[in-house]
Amino acid sequence: GECSAFKERFMECLRDSGYESGACRQRAMAYLQCRMDRQLMAKEPLEKLGFKDLMDEKSEAKPEKF
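In this report, the structure presented in the accompanying data block is examined. Everything numeric in this text was worked out from a predicted model, so none of it was measured.

Right, let's get into unusual backbone geometry. The phi dihedral of Tyr-19 falls on the positive side, at around 65°, and the residue is not glycine. Tracing the backbone shows Tyr-19 in the loop between helix H1 (4-16) and helix H2 (25-37). Look at Tyr-19 and you get exposed, because its relative accessible area is 56%. Positive phi, close to 55°, is recorded for Gln-39, a residue that is not glycine. Note that Gln-39 resides in the loop between H2 and helix H3 (47-60). Owing to a relative accessible area of 71%, Gln-39 belongs among the exposed residues under this scheme.

Conventions used here
Residues numbered from 1 in each chain as written. Predicted model: local features only at pLDDT ≥ 70, side-chain atom pairs only at ≥ 80, totals over all residues. Heavy atoms only, no water. Helix = DSSP H or I, 4+ residues; strand = E, 2+ residues; numbered from the N terminus. Buried < 20%, exposed > 50% of the residue type's maximum accessible area, 1.4 Å probe, protein only.

Structural data, given as structure tokens:
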């Protein structure tokens, strides 16, 4: 449950967007980053997980935190 807040925000976004996952990529990235930070999944570069285009945005904006 260490990343459940991130998961819930992602799921809420999916419901609100009519399950358009593209609209929730920032939250998906934050959820996966939480899991990697807490060693709940293997560390992988976010670029390899399909978030390369969001990496530039992440460096300009602060990541979501709880």
